[in-house]
Amino acid sequence: MPTRFIELSLRSIKNIASQDATLYQPYETITDISAEPSEEITPVFHGQTKLKLNTIPLKPLPEETPVVAIDVSSIKIGETTTGILLAIRGAIVWKNQNHHKYHYLRIGPFPFHITEENKQEIYQLFRQYSLDTLTPNTTSTPSLIHMQTRITTLLERWLQMNIATQSQNTLILWDGSLTAGTNDSPLHIILQLLETARNRLNTVLAFTKITRLRLSGHRLTDLIEKCTPPCLLEMDGYPIAPSNAIHFLGNIYVAKLTQGNCSFRLDVDRKLPREQAVEAIQRLLANDQLAESYPETLRLAHIYSTFTANEVIAIQRLLAQTHGIKTVNRPNIRRLLFGPFGKGPESG
Amino acid sequence: MRLYRKEGNTIQILSFPTENVEKGDYLKIEDPKQNKALITQIIDIQFANVPGILEELLRDSTNDTHLNGQDFDPLEVSSHVTYIQDARLLICKIRASLDNGKLNPTSAWLPNRSQSIIKQLPTTSLLKLIKINHSLPIQLGETKDQSPLNIDATALDGKLNIVTGKKETGKSHLSKLLALNLVSHGAPVIVLDLNGEYAHLGYGADGKKNEYNNRINVLTPSENFRVALSQMKLRVILNILIHALNLPGTSAREFRRIWQFLDERAALTLHELGETIRNWRCNQHVRDALFSRYYALLNSGFFTDNPSEAVSLEDCFQRIRSGGALVVNLRDTSLVDRQIVVEYVLGKLVDLLTQQKLRAVFLFAEEAHLYLRETYWDDIVTRMRHFGVFTTFVTNQPDTIRENIYRQADNVFLFNFTNEHDLETVSRAAKVDAETVKSIARDLPAHHCLLLGTAVKDFPIVVRVKALNVQTMGQTRLFFTEKN
């Protein structure tokens, strides 16, 4: 982990301490869904004329292949008079094929106090490391409310790049999709990530937990229900993005890998031949445990990166102890105005 | 420690792992603004209900064979997580309030939640506050903070006490300690010793005579404790016949006439009693009933016609009146014989007290349900108490003591109980709330006792009972030990 991340984290916190040393508890201390870097951009499939889809039956391919999963979480710890306080953490989980054992590396949590003054510095640092470029960012620094999403994605990209360059002949599982063209996922970066992975004989498989994929109004995850797992559902048409800037860099499938109620959108690097993509999924079936069609490595990566309420309290305590920053609850405006009718996220 | 909530007289305090507190400890919640403080006692320690704890435990529950890994946590947040995970909730009962330094048993005020200072209150400070009189000290042992705990003998004077706990927790040890301390303060003590445990109180652990030796009188029925019928009053012998030997009313009336007949002739001997029953003009069934009881008296070996063998209980009581113990050794005595002896001793005792020949006596009754008749229970806590019989019941079966005894008990010396039913029974003691009894008694180690009542001014205190340099008897005879 670059020392500068840690230094910047500490420096940003000292910044609060030198101000009014009061941290206002946010109304929600759960992970902000909108901050999920894996938020799906749903394609529309053009050229798909029939409701009948191609089903690809799968068979586990018992060829020893390491499996690595990456996930990153962030949480809003509180607000200050000048900014917001976030914590960010990443988790890498891999399965040791010799011992059939899972291993994890948790990175963080790192608290960051982001203000209008330091947001550019923080954002640039994340971009510098995560997007592996020293060229100054041409895009503007996001607003404070979007900083959480942005730096979460950037840390995730940094971890993904590290795994892609350090692994070989490995199945790399991402949380989310292979969609590029957003501010945090520039096309050339994702292309570079996938290329790096391919060059080292790695295969990137991206699982989207909740998909809005539809065909003629039908949810694709519902259509696969009738198929016998393990199988994939393949669309005929071409995915069309809602804007020209967006690019889908993966072949999009719906995967039902085990018996059960769940199925997921699964993106596989488009530049891989179809047979190789299917083979990679078959190797995943043989090399990882799957429950409800979801790989265990990715499930563990999610679990190990996610913040619990206790961890939020622990970070608040750390700030109080090391920097004298006190957390206070903001008055509940809804409650103040509407009394018992003041429902909202804060009403618990 | 931080004040969390208050409900009734229960206060919940948030405590952290670095704060070393245990059940039974006292805490002082000071409110500097009001210049008041609450004295509370911890009756239970629970984990604080920290949000997200379940997720963390589940996440960390995977064992090394399935999953392992490492954390890169340069800011050491995990140490704070562990600290919070181990946060504890202290369930405390309010025992008193300190208003401008003055102890007040009620607490009609609420301390400031954020400003209050919570500190541990050492037992020595508590004892200073509650001002236990130490004119006649009885050192029971040490409290958890290693300070000696003395109660005053006057706290047992005129009082009803219960020593209870499950087997082998140290009940008899404590009652011996109390008895010997009372003796050393010049009090007369009578012990109804079911298992012969007190017979060697006059000997040290090394078998040599100790300082109490000449003040311990052991009476073993049918050995060195036999009585002549002439020493008995009609009321006492009738109590024996009716209550111990279940003599029916009609036969009892006939016996009364026989007794009066013999008494008028100064012929109250076993031999004469037998002959008179044989020759008495009465219904054959009555005669048979009287004969069967006569033989029960005869076979008990407790009665004698030889005046030199007869023990004068008056003399025995005189010997202990300025400090001594009369141990009635009921070991190896049958149930009926036990009841006969106890009826006699208590009857005689009441006589002497009524006649003011004895000022008062401390009676220690071990497992009293095994020899005390039903009607005596109420008698002991009401009538006999007024005569000057101050009883200490010692039992490991708390349900054998009636609820009204618990309610009227002035002091309860409570040892460990794990059985819910036993705890429920003991919790009826009026001196403290049921929660305290149930929670603290359940976790008391052996030889630790929870003191409740007058002796500690109603501030329950846990004490480790000190060792006693007397020969321990009454230990269970073991097969394998003897074989070896």
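Residues numbered from 1 in each chain as written. Chains lettered and ligands numbered in written order. Predicted model: local features only at pLDDT ≥ 70, side-chain atom pairs only at ≥ 80, totals over all residues.

**Brief notes about the overall build of chain A**
Inference 1: Each helix and strand in chain A was counted, giving 9 helices and 19 strands.
Inference 2: Contacts in chain A between residues far apart in sequence, at least 24 positions, make up 79% of those at least 6 positions apart. (Helix = DSSP H or I, 4+ residues; strand = E, 2+ residues; numbered from the N terminus. Contact = placed C-beta atoms within 7 Å.)

**What to know about helix H5 (residues 234-244) of chain B**
Within an α-helix, residues lying three or four positions from one another point in the same direction, as the helix has 3.6 residues per turn.
All names here are of chain B.
Inference 1: Among all positions of H5, only Ile 237, Asn 239, Ile 240, Leu 241 and Ala 244 are buried.
Inference 2: In this structure, the buried residues of H5 make contact with helix H6 (249-264), helix H8 (284-300) and helix H10 (335-354).
Inference 3: Phi turns positive, to about 55 degrees, at Asn 246, one or two residues after H5. (Buried ≥ 20, exposed ≤ 12 C-beta atoms within 10 Å, placed from the backbone.)

**What to know about the interface of chain A and chain B**
Inference 1: In this assembly, 21 residues from chain A lie in contact with 21 residues from chain B.
Inference 2: Sorting the residues of the side of chain A that touches chain B by element identifies strand E6 (101-115), helix H7 (296-305) and helix H8 (309-323) of chain A as the ones contributing at least two each.
Inference 3: Looking at the side of chain A that touches chain B residue by residue, the classes come out as 14 nonpolar, 3 polar and 4 charged.
Inference 4: Bridge count for E6 of chain A against strand E5 (residues 67-72) of chain B is 6 bridges, and the pairing is parallel. By the bridge assignment for E5 of chain B, Tyr 104 of chain A is matched with Gly 69 of chain B. (Nonpolar A, V, L, I, M, F, W, Y, C, P; charged D, E, K, R; others polar. Pairing = 2+ DSSP bridges.)

**Looking at the nonpolar core**
Inference 1: By size, the foremost hydrophobic cluster in this structure holds 128 residues, and its most contacted members are Val 189, Val 191, Ala 325, Val 327, Val 328 and Leu 414 of chain B.
Inference 2: It is H10 of chain B that contributes the most residues to this core, 8 residues altogether.
Inference 3: Not counting residues up to four positions away in its chain, the partners in contact with Val 327 of chain B are Val 191, Asp 193, Tyr 198, Ala 199, Leu 201, Ile 216, Asn 217, Val 218 and Leu 219 of chain B.
Inference 4: Counting residues in each nonpolar core, the second largest holds 85 residues, with Tyr 102, Leu 205, Leu 290 and Ile 315 of chain A among its members. (Core = buried A, V, L, I, M, F, W, Y, C linked by C-beta atoms within 7 Å.)

**Observations concerning the packing of H6 of chain B against helix H7 (residues 270-279) of chain B**
The description of two packed helices rests on the angle between their axes and on the distance between the axes.
All names here are of chain B.
Inference 1: Remark: H6 packs on H7, axes separated minimally by 10 Å, with the N-to-C direction vectors making an angle of 125 degrees. As far as their axial angle goes, H7 and H6 are oblique. Of the two elements, H6 crosses H7, and the hand of that crossing is right-handed. Residues Ile 258, Phe 261 and Leu 262 of H6 lie in contact with H7, whose contacting residues are Glu 272, Leu 273, Thr 276 and Ile 277. (Axes fitted to C-alpha atoms, helices over the stretch in contact; angles between N-to-C directions. Parallel < 35°, antiparallel > 145°, perpendicular 65-115°, else oblique. Left-handed = near helix turned anticlockwise from the far one by under 90°.)

**With respect to the sheet that holds strand E15 (residues 361-366) of chain B**
Residue and element names in this part refer to chain B.
Inference 1: Spatially, the 11 strands line up as an open sheet ordered E10-E9-E19-E18-E17-E11-E16-E15-E12-E14-E13, and their pairing is mixed. At either end of the open sheet lies a strand with only one pairing partner, and these are strand E10 (148-152) and strand E13 (216-219). Strand-to-strand twist of the sheet, defined as the mean angle between neighbouring strand axes without regard to direction, takes the value 25 degrees.
Inference 2: Here E13 pairs with strand E14 (residues 324-329) via 4 bridges, running parallel. Directly across from Ile 216, in E14, lies its bridge partner Ala 325.
Inference 3: Seen against the sheet, helix H9 (residues 313-320) touches strand E12 (188-193), E13 and E14 and runs at an angle of roughly 140 degrees to E14.

**Points about the confidence of the model for chain B**
Inference 1: Confidence along chain B averages 88 in pLDDT terms, with 96% of residues attaining 70 or more.
Inference 2: Overall fold confidence for the complex sits at a pTM of 0.78, while the interface term, ipTM, reaches 0.79. (pLDDT = per-residue confidence, 0-100.)

**Some thoughts on the domain arrangement of chain B**
All names here are of chain B.
Inference 1: By the assigned domains, chain B splits into domain 1 (2-121), domain 2 (137-225 + 311-483) and domain 3 (229-300).
Inference 2: Taken together, the contact pairs 9 residues of domain 1 with 10 residues of domain 2.
Inference 3: For the side of domain 1 that touches domain 2, the elements supplying multiple residues, two or more each, are strand E4 (36-47) and strand E6 (88-99).
Inference 4: Looking at which element gives the most residues to the side of domain 1 that touches domain 2, the answer is E4, with 3 residues.
Inference 5: A per-class count over the side of domain 1 that touches domain 2 returns 1 nonpolar, 2 polar and 6 charged. (Domains from an automatic or database assignment.)

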